[in-house]
Amino acid sequence: MGEVKLRILKDRIFTFIIYLLTFLSVIPLFAILFSLVKKGLGVINLNFFITLPKPPPDAGGILNALVGTFLLVLIASIVSIPIGIVAGLFLVETRNRFANMLRVLINVLQGLPSIVIGIIAYLWVVKPMGGFSALSGGIALGIMMLPMVVKSTEETIKLIPYTLREASYALGADYFTTIFKVVLPAGISGILNGILLGIARIAGETAPLLFTAFGNPYLNFNPAKPVDSLPLLIFNYAMSPYERWQNAAWGASFVLIAFVLLINIGVKLGGRRWRVKL
Amino acid sequence: MESEIIKIRDFSAGYGQNFVLKNINLSFEKNKVTAIMGPSGCGKSTLIRCINRMHELNLDAIHKGDILFNGKSVFETNPILLRKKIGMVFQRPNPFPTMSIYDNVIAGYRLNGIKLSKKEFDLIVEDSLKKAFLWEEVKDNLHKKGTFLSGGQQQRLCIARAMAVNPDVLLLDEPTSALDPKATAMIEELIVELKKTVTIILVTHNRTQAARVSDFTVFLYLGELIEYGSTETIFTTPKNPKTEEYLIGKFG
């Protein structure tokens, strides 16, 4: 009898420890959310979104950074989505040493420090163009997003049943029609999820933008000119000695985290709705 | 011999070094239902997949001998053109999950870049679904996704999709093996009706199905053609003892 009681006791202790550790792992997230809401929510109002920064001691809004982030994400998407989807397809369709090598390289690219990608974009785009620009920042972010698009495409397409392709071939469709009109649409929800998570990730990148997009206190829609982005604005404002600017940095952080959180929740919910029933 | 639409001549096929089908000689009659039966692994599916050249999609597929479709070798015909004339329906219903019922039916046109007016497409959809006995059940939901249908309905949708491009031959690869008895009965009724317009080659591992719907029966065993003849003869007075053993259920 004593033996069994001891076991039950042990079991309870371990269960408790597991719950405790699990709980500990989410504490940082809630602590961050708590301080963001506490310090950031106060400065957020409509004006915060639709006005430009003002000279100190005023702070003004973050419209320049919102437009800049949008522009950067757009350019990064244009760069990474087509290439990423085609590369992902290639990895599924091709079974040889080259494809395996490519898969390893994609993993390496995913692990590359973002600052290094920034330096590369500086060398490739900023220097030849003769100045900082949204384009160079977008390309740097696009390179960061690329592996995520490749992998989500590969993982999704791998799961599309072969019978679907057979149906298409049997109707006389050629290979490329089958891939682009039957296989890809069937995997669209998974690919879209990968793209959204990629966007959520690059939206918060700062390091590669320091010497590419550079930052810009004015409104700019021109991809050849420097733009601001939310993380850059947070970086600059948080380092400033002015209290209102620091508060604006909290507000911008709140906006950024809310954006990332919304994308993640959207992917979870949307994943269910958009999923193609196979 | 005008009535023989497909002729298989000294034909062998398989994978890698291995011939699954051995030296088959066979002709299929126009506007008849020919059932190919035999135990699992005897090469039934391989045989009909060779007719519309789907077999070659396997990387290690091999074949020798010839298959003539309307007197011309299928191996000298462009597979895309060939498959427009020889439709196929598979074991598991496989409607395109991203397309509506309507778009599934005209997929053969859309995927091949053939553009017709909305009116013409409407006609084709209605006609094909009627041919597949599906029209009454889906006519109010044509723009819903095909995957919401039941298994039997999905399979009839696949038949409608194959019929929409007006093929001369329809290959059915165990079309009812994933369906319940009621859905199976419906497909069988449909097969008998369809032979007015197309030649049907039906692969089945179900002996009674072959007896119910086919005009001719082919019996394959271990990749060899054991017996071929009218269904009535095969089921009443088989010449080969192997056929008889199979029919009374001694194996397979």
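Computed from a predicted model, the values in this text were never measured in an experiment.

A. Structural context of the overall build of chain B. Tallying secondary structure elements over chain B gives eleven helices and ten strands in all. Taken over the C-alpha atoms alone, chain B extends approximately 55 × 40 × 35 Å along its principal axes. Looking at chain B as a whole, 52% of its 252 residues qualify as buried. Here the analysis covers contacts within chain B between residues at least 6 apart in sequence; of these, 68% occur between residues at least 24 apart. Just so you have it, chain B exposes about 11100 Å², and 51% of that area is on carbon and sulfur atoms. With 33 positive and 29 negative side-chain charges, chain B shows a spacing of 4 Å between the two charge centroids.

B. Here's a closer look at the layout of surface pockets. Reported here for the largest pocket is a volume of approximately 390 Å³. Taken together, 13 residues make up the lining of the largest pocket; nearest its centre are A:V92, A:E93, A:Y162, A:R165 and B:L59. Broken down by secondary-structure element, the contributors of at least two residues to the lining of the largest pocket are helix 3 (63–93), helix 6 (134–158) and helix 7 (162–170) of chain A. For the lining of the largest pocket, the element with the highest residue contribution is helix 7 of chain A, accounting for three residues.

C. How the structure looks around helix 7 of chain A. Residues and elements named next belong to chain A. Helix 7 sits mainly inside the fold: seven of its nine residues count as buried. Where helix 7 is concerned, the buried positions are L164, R165, E166, A167, S168, Y169 and A170. Phi for G172, located one or two positions after helix 7, is positive at around 95°.

D. Region of the structure containing the interface of chain B and chain A. Between chain B and chain A, the residue contacts involve 24 residues of the former and 20 residues of the latter. For the pairing of chain B and chain A, the buried interface totals around 1800 Å² over both sides, and the portion due to carbon and sulfur atoms is 67%. Linking chain B to chain A there are one salt bridge. With a closest N to O distance of 2.8 Å, A:E166 and B:R49 form a salt bridge. Elements supplying a minimum of two residues to the side of chain B that touches chain A: helix 2 (79–85), strand 6 (86–89), helix 4 (107–110) and helix 7 (151–163) of chain B. Considering only residue class, the side of chain B that touches chain A consists of 14 nonpolar, five polar and five charged.

E. Here's a closer look at the packing of aromatic side chains. Residues and elements named next belong to chain A. Inspection of every chain in the model, using the stated rule, returns 13 aromatic pairs over all chains. Consider the rings of Y122 and F211, whose centres lie 6.3 Å apart with planes at 75°: the pair is edge-to-face. Separated by 89 residues along the polypeptide, Y122 in helix 5 (residues 114–129) and F211 in the loop between helix 9 (188–203) and helix 10 (230–239) bring together distant segments of the chain. The exposure class of Y122 is partly exposed, given its relative accessible area of 30%. Centre to centre, the rings of Y242 and W245 are 5.5 Å apart; their planes meet at 70°, and the pair counts as edge-to-face.

F. Inspection of the sheet that holds strand 8 (residues 199–204) of chain B at higher detail. All names here are of chain B. Spatial strand order, 6-7-8-3-9-10: six strands in an open sheet with mixed pairing. Two strands lie at the open edges of the sheet, namely strand 6 and strand 10 (224–230), each paired on one side alone. With strand direction ignored, the average angle separating the axes of adjacent strands in the sheet is 15°.

G. Summary view of the side chain of B:T217. Residues and elements named next belong to chain B. Relative to the helices and strands, T217 resides in strand 9 (residues 216–221). Looking at T217, its side chain comes within polar contact range of the side chain of S214, at 3.3 Å. Those residues within four positions of T217 in sequence are excluded, and the remaining contacts are A35, M37, E227, Y228, G229, S230, T231, I234 and F235.

H. Here's a closer look at the pairing of strand 1 (residues 4–15) of chain B. All names here are of chain B. Direction of pairing for strand 1 relative to strand 2 (residues 18–29): antiparallel, over a ladder of eight bridges. In the sheet register, E4 faces strand 2, and the bridge partner there is E29. Of the strand pairs in this sheet, strand 1 and strand 4 (residues 61–69) are connected by eight bridges, and their pairing is antiparallel. For G14, the partnering residue across the bridge sits in strand 4 and is I62.

I. Just the domain arrangement of chain A, in detail. Residues and elements named next belong to chain A. When its domains are assigned, chain A resolves into domain 1 (2–43) and domain 2 (46–274). The interface is formed by eight residues belonging to domain 1 together with seven residues belonging to domain 2. When the two sides are added together, the surface that domain 1 and domain 2 hide from each other amounts to roughly 760 Å², 87% of it contributed by carbon and sulfur. When the buried surface of domain 1 facing domain 2 is broken down by residue, L36, K39 and V43 rank first, second and third, together holding 63% of it. The interface formed by domain 1 and domain 2 contains zero residue pairs in polar contact (both at pLDDT 80 or more). In the side of domain 1 that touches domain 2, the residues fall into five nonpolar, two polar and one charged.

How each quantity is defined
Residues numbered from 1 in each chain as written. Chains lettered and ligands numbered in written order. Predicted model: local features only at pLDDT ≥ 70, side-chain atom pairs only at ≥ 80, totals over all residues. Heavy atoms only, no water. Helix = DSSP H or I, 4+ residues; strand = E, 2+ residues; numbered from the N terminus. Buried < 20%, exposed > 50% of the residue type's maximum accessible area, 1.4 Å probe, protein only. Contact = heavy atoms within 4.5 Å. Areas by Shrake-Rupley, 256 points an atom, 1.4 Å probe, with all protein chains shown as cover. Lys, Arg positive; Asp, Glu negative; His and termini not counted. Charge placed at Lys NZ, Arg CZ, Asp CG, Glu CD. 1 Å grid on protein atoms, 1.4 Å probe; cavity = no way out; pocket = protein on both sides within 12 Å on 5 of 7 lines; lining within 4 Å. Points joined across faces, edges and corners; volume = space filled by probe spheres on them. Buried area = accessible area lost by both parts, 1.4 Å probe. Salt bridge = Lys/Arg side-chain N within 4 Å of Asp/Glu carboxyl O. Nonpolar A, V, L, I, M, F, W, Y, C, P; charged D, E, K, R; others polar. Phe/Tyr/Trp six-rings, centres within 6.5 Å; stacked < 30°, edge-to-face > 60°. Pairing = 2+ DSSP bridges. Axes fitted to C-alpha atoms, helices over the stretch in contact; angles between N-to-C directions. Polar contact = N/O pair within 3.5 Å; in protein donor to acceptor, adjacent residues only side chain to side chain. Domains from an automatic or database assignment.

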